[in-house]
Amino acid sequence: MISMVRIDDRLIHGQVAVMWSKQLGISRIVVANDKIAANDMQSSALKMAAPAGIKAFILPVQKAVELLNDPRAASMKILVLSNNPKDIYEVLQGVNEKPLLNLANYGRIGGALSEKEKLTDTVYVTNEDKETFNKIFDMGYDFEYQPLPSDQKQSLKQLLGGK
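Residues numbered from 1 in each chain as written. Predicted model: local features only at pLDDT ≥ 70, side-chain atom pairs only at ≥ 80, totals over all residues. Heavy atoms only, no water.

The name an unreviewed UniProt entry assigns to the chain is Putative phosphotransferase enzyme IIB component, from the organism Clostridium puniceum. Per its UniProt entry, the chain bears the Subcellular location (unreviewed entry) comment "Cytoplasm". (UniProt positions renumbered as here; feature names shortened; annotations may be inferred.)

Draft legend 1. Spotlight on helix H6 (residues 127-138). Compared with the 16 Å implied by 1.5 Å per residue over twelve residues, the 16 Å span of H6 between its first and last C-alpha is a close match. Buried residues of H6: Asp129, Thr132, Phe133, Ile136 and Phe137, and no others. When H6 is viewed along its axis, its buried side chains cluster within an angular range of 145 degrees and face the same direction. The exposed set on the far side of H6, more than 90 degrees from its buried face, consists of Asn127, Glu131 and Asp138. Of the surrounding elements, those touching the buried residues of H6 are strand E1 (2-7), helix H5 (85-94), strand E5 (101-103), strand E7 (123-125), strand E8 (143-145) and helix H7 (156-159). (Helix = DSSP H or I, 4+ residues; strand = E, 2+ residues; numbered from the N terminus. Expected span 1.5 Å × (residues − 1). Buried < 20%, exposed > 50% of the residue type's maximum accessible area, 1.4 Å probe, protein only. Arc of directions from axis to C-beta. Contact = heavy atoms within 4.5 Å.)

Draft legend 2. Inspection of the packing of helix H4 (residues 61-69) against H5 at higher detail. Following both chains from N to C, one finds H4 and H5 inclined at 35 degrees, their axes separated by 9 Å at the closest point. Crossing geometry of H4 relative to H5 is assigned as right-handed. Contact with H4, carried on its side by Val61, Gln62, Val65, Leu68 and Asn69, involves Asp87, Glu90, Val91 and Gly94 of H5 and no other residues of that element. Per-class residue counts for the contact of H4 with H5 are four nonpolar, three polar and two charged. (Axes fitted to C-alpha atoms, helices over the stretch in contact; angles between N-to-C directions. Left-handed = near helix turned anticlockwise from the far one by under 90°. Nonpolar A, V, L, I, M, F, W, Y, C, P; charged D, E, K, R; others polar.)

Draft legend 3. Structural view of the nonpolar core. Judged by nonpolar contacts, the single largest core of 32 residues is most densely connected at Leu68, Leu103, Phe133, Ile136 and Phe143. Setting aside chain neighbours within four positions, we find Leu68 in contact with Ile2, Val30, Ala73, Ile78, Val80, Val91, Val95 and Glu97. Membership of the second largest hydrophobic core comes to 18 residues, among which are Ile26, Ala50, Ala56 and Leu81. (Core = buried A, V, L, I, M, F, W, Y, C linked by side-chain atoms within 4.5 Å.)

Structure, rendered in structure tokens:
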């Protein structure tokens, strides 16, 4: 079962590896991203960043969806990560669950910040990002902006000016 889906530029890092994995009691981390899955060095580094006892899988988006829909995944607690909303949109279209969505540390890597809208100190979005988030909202989802489990939750819809 998918415990949480998170968008985070840094993917597997301290907050995810230590705090979120303990908070959620996860046994697996699935990074869903075609480009990263094709990069052996980056994939290896991410697998090494996973906490002891938690298996990490770095997969192209469609392979991630297949793994998440495998009946054996139902008995596991899985954290799904990507570094962009497009991949998460594809995952959500393909999975048979309606998981909790989380967002933090997005948009500061790649591209000029001056071309992005600052939503929080750690989230910057483009117009294209907003369009993708709106497609996800239309599917009946919202994201919780919550960098750490101890942080106050905020609705991404509200941060974007929605209701």
